[in-house]
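Next come the chains, spelled out residue by residue.
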Amino acid sequence: MIADEYFKICSEYGISNALIVDKSLSNLRYAYVIKHVFNKAIFVVTKRNEIDNAWSIFKTQFSNSLHWSWDIRKIKSVIDNESRLAKILANSKEIAPIVIQLETLQDQPQETIKQVINRVYEKQGATRETELLSLPPYEAGKVDTTAVRTASMYQARQPISSDHAHSKNIPPKFEKTYSDIQ
């Protein structure tokens, strides 16, 4: 019933393809529920340098429902909890997420995405590469039937590139405060 309602909402937005990407900061917390509702669900976990991740969360203006994102101690707690959960799920045969490192994605985007897509097909029992690699880029104003637009996708403030990676733009005071939290 939940899956039917989800697909009904997707169809109302013009989404008709079978491949749906849904990203949320809390998806891992509900991994077993998601897997139960969508038995073909595949999880991709993106690991990131911890201090870069903390700074990104802190400087992003999330919606009112994420009050923890404005408190350095709470950010540290959430990151620690999510890391522990990702390790537990990595050992779960039912969930077994595909894990990628953000810095690798930044340095080698085409190769990393190709590996992720191949892993998705392997998990579904297929061996061929997908035509997703050759899809035209998104064009403003055109209806895109391959994606559901969610609030989280508009939170990106800068493009993925190695220029913004590797802790070089983090204020020293933030880094020290974060590092001192036990």
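Use the structure listed above.
Scope of this entry: the structure provided in the associated data block. Every value quoted in this text rests on a predicted model; they were computed, and no experiment measured them. (Residues numbered from 1 in each chain as written. Predicted model: local features only at pLDDT ≥ 70, side-chain atom pairs only at ≥ 80, totals over all residues. Heavy atoms only, no water.)

In this section: the overall build of the protein. In terms of helices and strands, the protein carries 7 helices and 2 strands. Traced from its N-terminal end to its C-terminal end, the protein shows the element sequence α-α-β-α-α-β-α-α-α. If you take every contact in the protein between residues at least 6 apart in sequence, the share linking residues at least 24 apart comes to 67%. When the accessible surface of the protein is split by element, carbon and sulfur atoms take 54% of a total near 12900 Å². (Helix = DSSP H or I, 4+ residues; strand = E, 2+ residues; numbered from the N terminus. Contact = heavy atoms within 4.5 Å. Areas by Shrake-Rupley, 256 points an atom, 1.4 Å probe, with all protein chains shown as cover.)

The subject of this paragraph is the nonpolar core. Ala54, Ile57, Trp68, Ile75, Ile79, Phe174 and Tyr178 are the most contacted members of the largest nonpolar core, which has 15 residues in total. When contributions to this core are tallied by element, the ones reaching two or more residues are α3 (50-59), α4 (72-90) and α7 (172-180). Excluding its chain neighbours within four sequence positions, the residues that come into contact with Tyr178 are Glu50, Ile51, Ala54, Ile72, Ile75, Lys76 and Ile79. Core analysis: the second largest hydrophobic core is formed by 10 residues, Phe38, Ala86, Leu89 and Ile95 among them. (Core = buried A, V, L, I, M, F, W, Y, C linked by side-chain atoms within 4.5 Å. Buried < 20%, exposed > 50% of the residue type's maximum accessible area, 1.4 Å probe, protein only.)

All right, on to the pairing of strand β2 (residues 98-101) then. With burial as the criterion, only one face of β2 is covered, namely that bearing Ile98 and Ile100; the residues Val99 and Gln101 on the opposite face remain uncovered. Bridge count between strand β1 (residues 44-47) and β2: 4 bridges; the pairing is parallel. Counterpart to Lys47 in the pairing with β2 is Gln101. (Pairing = 2+ DSSP bridges.)

With that settled, the discussion passes to the pattern of salt bridges. In total, this model carries 4 salt bridges according to the counting rule given. Between Arg29 and Glu82 there is a salt bridge whose closest N-O contact spans 2.7 Å. In this pair, Arg29 sits in the loop between α1 (2-12) and α2 (31-37) while Glu82 sits in helix α4, placing the two residues 53 residues apart along the sequence. The class for Arg29 is partly exposed, based on a relative accessible area of 48%. In this structure Glu82 comes out as buried when scored by relative accessible area, which is 15%. (Salt bridge = Lys/Arg side-chain N within 4 Å of Asp/Glu carboxyl O.)

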